[in-house]
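Summary of structural features
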Protein chains: 2
Amino acid sequence: MTAPVRRGRPRSENADVRILEAAHELLVERGYDRFAMDEVAARAAVAKTTLYRRWPTKDHLLVALVAKIQDEVSVADTGDIRRDLSVYLTAVATGLDRMRRVGRDLTGEEDRSAGVVAELVAAAARHPDVGDVVRNLFARRNALPLALLDRARERGALAPGTSSEVLFDQLAGALYYRLLVTGAPIGADYVEELVGQVLAGTGATRHPERT
Amino acid sequence: MTAPVRRGRPRSENADVRILEAAHELLVERGYDRFAMDEVAARAAVAKTTLYRRWPTKDHLLVALVAKIQDEVSVADTGDIRRDLSVYLTAVATGLDRMRRVGRDLTGEEDRSAGVVAELVAAAARHPDVGDVVRNLFARRNALPLALLDRARERGALAPGTSSEVLFDQLAGALYYRLLVTGAPIGADYVEELVGQVLAGTGATRHPERT
DNA sequence: ATATTTACGCAACGGTAGTAGCGTAAATGG
DNA sequence: CCATTTACGCTACTACCGTTGCGTAAATAT
């Protein structure tokens, strides 16, 4: 798949590794907004121009980094759609909260920290190509839970007319809305109530059905 | 309520007006990220220090500006909760889309523009006090539709157990999720489907009831 | 071997956010 | 009238993002 045999001096893979490691450290230490390209270059022992040869802006670098390190959220399919969704969304909420706190932990200073998710959203809005990466990221991330909903409908656990996509928007949207906009807490009880209320209209059985 | 009779030279109200006007113009022309404080100062014929005496950062200024100019979205209560919600959410979606395009219109250049909403969300995550302003903004903005849902439940058009707040999260959340994260389009048809699916579980009558 | 191509490091630069120091202007309090 | 207090304008400064120019290093092509 990849033996392009390019002409000039090849990119230093070593530099790639060192840059991404330094960036990872720095993101965790400082958060998105206090993250400085100059310091990445210094820590990776690389000229700043080498950074910009690979990623045109700080946003591009950080989105690429997050895309690389984002942990997959596993999806269980026990046949009990209500339970499976609760478990999945709770895991997502935990992950989001951890992302939100990145850069806040080691500094006892004034809380000017990032909110990585919010910054990624802004970066996606600033640069169309970053937006593509972010949307792709979420598309891959959401594929499994969407498939879960589709299977549930096929087995008759959801009303046939309901759209999996809209259903997922209701669930994930509520979480992100609270995280990014209202700042309201997202506890296990909230997730439970949300899933219950979303599934109430779908004819989901309160107890699991087997295929 | 306010005659504090302060000691020294008073703030120039004239400067306040000129600054906010200049900022408004500049935000519309350039969008959030290309908005430059230096240029605001120049256009308002004011020293840059005068800006920073009033708002500690660019984010603070722009959030204050948006809070000031945001247009109220009116809420009709015809007794048909399904219809009222559709109308309301469509108005919100239109407003959001207009906000998203701010700064893109007059430049034929490369599309690096802002997405005011995304930047506000990021600003709220960066500065706790800006977060307070933003949350307050949304709380006021959402008061009327929430009251609409409460009245609907009281008159029996919604199942008694359903939470207005969670219900609203499903609706607004789906919109903002599409706007900020997935970038999926938000048409009138989508709003219709969303409202239908959200209300399906609430026992909302398909035709209005009168009290 | 030599030419070509691409990457690297280095240094300097322009643009923007935000800060600091200082002299001056406009208000209040005695 | 005069001291005090706060606002204003001006200049200069630091920090960071992103760019440019140039000399050098490492690969391929002939």
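In what follows, the accompanying structure is described. (Residues numbered from 1 in each chain as written. Chains lettered and ligands numbered in written order. Predicted model: local features only at pLDDT ≥ 70, side-chain atom pairs only at ≥ 80, totals over all residues. Heavy atoms only, no water.)

Some points on the interface of chain A and chain B
Each partner contributes to the interface: chain A provides 44 residues, whereas chain B provides 44 residues. Buried surface at the junction of chain A and chain B, both sides included, amounts to about 3500 Å², of which 57% is carbon and sulfur. Across the contact surface, chain A and chain B share six salt bridges. For the salt bridge of Arg178 of chain A with Glu165 of chain B, the shortest nitrogen-to-oxygen distance reads 2.8 Å. Where chain A touches chain B, the interface holds twelve residue pairs in polar contact (both at pLDDT 80 or more). Going through the elements one at a time, helix H6 (116–126), helix H7 (128–154), helix H8 (164–182) and helix H9 (188–200) of chain A are the ones with two or more residues in the side of chain A that touches chain B. By residue number, the principal contributor to the side of chain A that touches chain B is H8 of chain A, which donates 15 residues. (Contact = heavy atoms within 4.5 Å. Buried area = accessible area lost by both parts, 1.4 Å probe. Salt bridge = Lys/Arg side-chain N within 4 Å of Asp/Glu carboxyl O. Polar contact = N/O pair within 3.5 Å; in protein donor to acceptor, adjacent residues only side chain to side chain. Helix = DSSP H or I, 4+ residues; strand = E, 2+ residues; numbered from the N terminus.)

Here we look at the protein's contact with DNA strand D
The local shell around DNA strand D holds 29 residues, among which Met37, Lys48 and Lys58 of chain A together with Arg9 and Thr50 of chain B are the closest. The contact atoms of DNA strand D, taken as those within 4 Å of the protein, divide so that sugar and phosphate hold 67%. One of the backbone nitrogen or oxygen atoms of Arg9 of chain B is found 3.2 Å away from a base oxygen of DNA strand D. For the surface near DNA strand D, the element with the highest residue contribution is helix H3 (residues 48–54) of chain B, accounting for four residues. Across the surface near DNA strand D, the residue classes tally to ten nonpolar, seven polar and twelve charged. (Near = heavy atom within 4 Å. Nonpolar A, V, L, I, M, F, W, Y, C, P; charged D, E, K, R; others polar.)

Examining the relation of the copies chain A and chain B
Once chain A has been moved 0.0 Å along the axis and rotated by 180 degrees, it coincides with chain B to within an RMSD of 0.1 Å. In symmetry terms, the pair is related by a two-fold rotation axis. When C-alpha positions in chain A are compared against the rotation axis, the closest is assigned to Gly201 of chain A, at 1.5 Å. Take the interface residues of chain A: 100% of them recur as interface residues in chain B, which is what a same-surface contact looks like. (Least-squares fit on C-alpha atoms with pLDDT ≥ 70 in both.)

A closer look at the protein's contact with DNA strand C
Near DNA strand C you find 28 residues, and of these Arg9 and Thr50 of chain A together with Met37, Lys48 and Lys58 of chain B are the closest. Backbone atoms, meaning sugar and phosphate, make up 64% of the atoms of DNA strand C lying within 4 Å of the protein. Between a sugar or linking oxygen of DNA strand C and a main-chain N or O atom of Arg7 of chain B, the distance comes to 3.0 Å. Elements with a contribution of two residues or more to the surface near DNA strand C: helix H3 (48–54) of chain A together with helix H2 (37–44) and H3 of chain B. Broken down by element, the residue count for the surface near DNA strand C peaks at four residues, all from H3 of chain A. Classifying every residue of the surface near DNA strand C by side-chain character gives nine nonpolar, seven polar and twelve charged.

Nothing here speaks to function; it is all geometry.
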